[in-house]
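Coordinate inspection notes
This is what each chain is made of:
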Amino acid sequence: AARATGQRSSGRLRLAAVGVVVVVLTRVCLLPVFLLLGHRLSPVLLLFLLLCGRAAVTAAGERSSRSRRRRRRGGGRGSGGGGGGGVLARRREGDASAAVPRSESAFASAVYEALLAIALCHNVSPVESVGGGQAASLESCFQGASPDELSLVVFAARCGLVLHERTPTRIVVHEPSGRLRGFELLGEMPFSSELKRMGVLLRDESTGAIQFLAKGAESVMAERVASSDWMEEEVGNLAREGLRTLVVAARDLSEPQLDAFSRAYGAAQLARAGRAEATRAAWEMLQEDMRLLCVTAVEDRLQANVRATLETLRDANVRTWMLTGDKLETAWVIAQNASLVTRRQRMYQVAVRSSGDEKERRREARQALQGYPQGKFNAPCLVLDGAALSLCVSHHQQLFMEVACAAPAVICCRCTPTQKAEIVQLIRMTQPKACTAAIGDGGNDVGMIQAAHVGIGIQGREGRQAALAADFSLQQFSHLGRLVLWHGRNCYMRSATLSQFVIHRGLIISVIQAVFSSLFYFAPVALYNGVLVAGYATIFTYGPLFSLVLDEDVSEPNALKFPELYRELQKRRYLSVKTFLVWTWKAVYQGCVIMLGGIVLFEQRFVHVVGITFTALILTELLMVAVEVKRWHPLMLLAQLLTLLVYLACIVALSSPDFAGGTMAIFDLRFMLSVPFAFRVTILTAASTLPIWCGKACSHYCSPRVVSKLS
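Residues numbered from 1 in each chain as written. Predicted model: local features only at pLDDT ≥ 70, side-chain atom pairs only at ≥ 80, totals over all residues. Heavy atoms only, no water.

1. A look at the layout of surface pockets
Here the second largest pocket is characterised by a volume of approximately 1300 Å³. Lining of the second largest pocket is provided by 38 residues; of these, Tyr574, Lys696, Ser699, His700 and Arg705 occupy positions nearest its centre. Where the lining of the second largest pocket is concerned, the elements lending two or more residues are α18 (479-519), α23 (577-600), α24 (606-628) and α28 (675-702). The residue makeup of the lining of the second largest pocket, split by class, is 15 nonpolar, eleven polar and twelve charged. (1 Å grid on protein atoms, 1.4 Å probe; cavity = no way out; pocket = protein on both sides within 12 Å on 5 of 7 lines; lining within 4 Å. Points joined across faces, edges and corners; volume = space filled by probe spheres on them. Helix = DSSP H or I, 4+ residues; strand = E, 2+ residues; numbered from the N terminus. Nonpolar A, V, L, I, M, F, W, Y, C, P; charged D, E, K, R; others polar.)

Quick look at the structure:
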C-alpha cells in the first residue's frame, strides 16, 4: 500500500521528462534532414513541423512547472492526511534526525505487524532458547509438522522477531529491541485439508488488545478478507513463479465479541451431535471483514535429478499424474520445472464455477471434458482444479477416465487428501489392467499411498508419515528410476519364472505317479518312497530352483540407459494364462516321457525302474533350470553342483536298508553304477528336454526379444 501512494506524482514527472527528451531528440535528429531536403518539401509542411515541436516542448515545460508548484504546496502542509510520497512529517523538537516521510513510517509499521503475525500464527515450537536471534542455526531451533511454517518462522526470526516460548496457553516473542513480548493464547483453529486455513486467538499481555490471526490459501481467504486491490494480482504473480502462497490476515476484537465467541465455542464443545459443524460455525464468527496483512511465498524446491527421472519414466511408457494441493499457476510451473510437461506444451483446463446450480455445474464439467482434443499428435496437458475434479469423479467417471487416459499428462490442483485417494481408487476400478503406484512425502499423501497397488514414500522435510505407510521408502525421488526400471524389472521376471517353475516341479512328479497308476490298473501303489518325495521337494531341487532369484536378463546400466526395455514387461507376456498352459504342457510331456520310457526300459526288478525314473527326473529339473537362466551367477553353478553331489550321496545312503528305513533298499547301488543304467537315464533325459530346447530356440529365432538387440 505504501508503495502505491507516491507513484502518481512521480509518474507524471517521469512522463513529462520523457516527452521533453523525445521531442528534443526528434528535432535534433530530423532538422538536418529537413534542411537538406527542404527545397523538395513544401515550405508550409516544414513550418508546420517546426511549430509542432516548439508547442510540444512548451507543453512539457508547463506540466513540469505545475508539478513543481504542487510539490511546494504539498510540502508546506506538513500533516496532510493520505499524502503522496512528497508529504513530509517533521519529528518533535529535540530529535536531531532529519525529516522522515510519513508513508515510510506507515510502511514500517505494516511490515512489523505482518512479521509479528507470521511469528505468532503457526504450530511451531522452539526446541531451545534462541534469544536475540543469534543462534548458529535457526532451523535446528524450531520444530513443527509443516516445513512451510518452519520456513516462515525462521524468516521472521532472521528479521528479528524470534519465537522464544510456546505453551498451550502462552506465546512469547523476542523483539529486535531485546524485549520479550507475551501473548495469551485464547484459542487455536487447527489446520485441515477441508478448511485450508488455520488461526490463533491472542491477547496482548502488555496492552490487553485481542486479535484473531489467520492464514490460509488465497481461495478461502479472499472471501473473508476485506476488499483488496493487490492481493489477487500478487498471489497470481508469485504462483506463476512456482511459489506456494499463503494469505495472512487479522481482526481486532472487543470484549463483547470475545464473550460471544466463547459462549458459542463452549456450547459447540458440549454438543453431542454435530460438534464439528458447530465448532466450525463458532470459528466463522471471527473470520468476517478481516484485515489483510501480507502474502507469504515459500519456494518448494525440487530434489536433484527429478527432471531426468520423470523423463526416464516417460520413455518407459509410465504415465504420470500430478496430484497437488497448490494453485493452478504454481502446479503448472512445478510441472514444467519437473519436466512433467514441456515448455511449449499447451494446457487444457477443466474449470467450473465454485458456486451455483448443481446441474449447470455438471453440464459445464461434461462440456469441458467433451471438448478435449483427443487423438491429436501434440495433445495438451489436462488440468483440473478441486471443484471440477470433484464433479468429474462423482458424476462423470467414465468420460473423465477416457479423457485422462488419452492425455499425455494430467495435473489435478487444489486436491484434498480424500480426492487423491478417490482418484487412485477410480483408476483401479475403471482400468483393471493398470498397475498404480502412488508417490508422496507428506501426511496428506497417506490415503493415496494406501489406496494404490504400490505405495512409495519419500523421506523429506514433510516427515515420515508417508514413508511409514508405504510399501517402499526412498530417500530421494531420483531413486524411483532404479526402483522401477531395475528392481521392478528383476522382481517381475524372477517372480514369473520362479512361480511357473514351482508349478512345473510339483506337476511333473504328479504326472509320473498318475501314469504309473494308470498302467497298473489304478492300483493305490506309490511309485516313490516318502523319503524320495520329501527329498525331491527340498534338497534335490530347492537350491537350483531358488537360485533363479539371482538371474538377470539385462545388466543394470543397460536397464537404466534404455528405459524402453520396460515397455516389453508391460505386455505381460512372461506371466499369463498362455505361459501357464505352456509350462503345464511341459510338465505333462516330460512326466509321460520319463514314466513310459522307464516302463519300456524296465529291468528285472521294480527298484530299477524307481532308480531310472527318479534320476532322470532330477536331471531333467536341473537341465530345465539351466535352460531358463539368462545370465549365470556363481551361486547358480554352486547350487547345481551341490545338488548333484548331495544326490549321489543319497544314492549311496539309500542303497542300504538301514538308511532307507524299511526292510529293503530304495536304490540298487550296483545297478546304478553300471553302463546300462547310465544309458537308460541319458535316453530318458534327452527325450524329455531336447524337444523343449529345440522349441525354445526356434521361438527365439523367429521372435527375438528386445533385450537380444543389446548383445
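2. Focus on a nonpolar patch on the surface
On the surface, Leu635, Leu638, Leu641, Leu642, Leu645 and Leu648 cluster together into a nonpolar patch covering about 560 Å² of accessible area. Looking at the secondary structure, you find Leu648 in helix α25 (residues 634-654). Judged by its relative accessible area of 51%, Leu648 is exposed. (Patch = residues over 30% accessible without salt bridge, like charges linked within 9 Å, V, L, I, M, F, W, Y side chains within 5 Å. Areas by Shrake-Rupley, 256 points an atom, 1.4 Å probe, with all protein chains shown as cover. Salt bridge = Lys/Arg side-chain N within 4 Å of Asp/Glu carboxyl O. Buried < 20%, exposed > 50% of the residue type's maximum accessible area, 1.4 Å probe, protein only.)

3. Observations concerning the sheet that holds strand β7 (residues 180-189)
Here we have seven strands laid out as an open sheet, ordered β5-β6-β7-β8-β9-β10-β11, and antiparallel in their pairing. The sheet terminates laterally at β5 (162-166) and β11 (291-299), the two strands that pair on one side only. Strand after strand, the sheet turns through a mean of 30° between neighbouring axes, direction not considered. The pairing of strand β6 (residues 170-174) with β7 spans five bridges and is classified as antiparallel. The partner of Arg170 across the bridge, within β7, is Glu184. (Pairing = 2+ DSSP bridges. Axes fitted to C-alpha atoms, helices over the stretch in contact; angles between N-to-C directions.)

4. Remarks on the sheet that holds strand β16 (residues 437-440)
Taken in spatial order, the three strands make up an open sheet running β16-β17-β18, and their pairing is parallel. Unpaired on one side and paired on the other, β16 and β18 (472-474) mark the two borders of the sheet. Neighbour-to-neighbour, the strand axes of this sheet turn through a mean angle of 20°, independent of strand direction. By the bridge criterion, four bridges tie β16 to strand β17 (residues 454-458) in an arrangement that is parallel. Looking across to β17, one finds that Ala437 is bridged to Val454. On top of the sheet, α18 reaches β16, β17 and β18; it is set at about 145° to β18, its chief contact. (Contact = heavy atoms within 4.5 Å.)

5. Quick notes on the confidence of the model for the protein chain
Do not read the fine detail of predicted coordinates wherever pLDDT is low. Looking at the protein chain as a whole, the pLDDT averages 80, with 82% of positions reaching at least 70. pLDDT under 50 marks residues 30-102. Its contacts with residues more than four places away, or in other chains, come to 37 contacts. For the stretch residues 130-136, pLDDT sits under 50, and the model shows ten contacts to residues farther than four places along the chain or on other chains. (pLDDT = per-residue confidence, 0-100.)

6. Digging into the pattern of salt bridges
Should the charged atoms of two oppositely charged side chains come close, the side chains can pair. With the rule as written, the count across this model stands at 30 salt bridges. Residues participating in the shared-partner salt-bridge network are Glu175, Arg179, Arg181 and Asp204.

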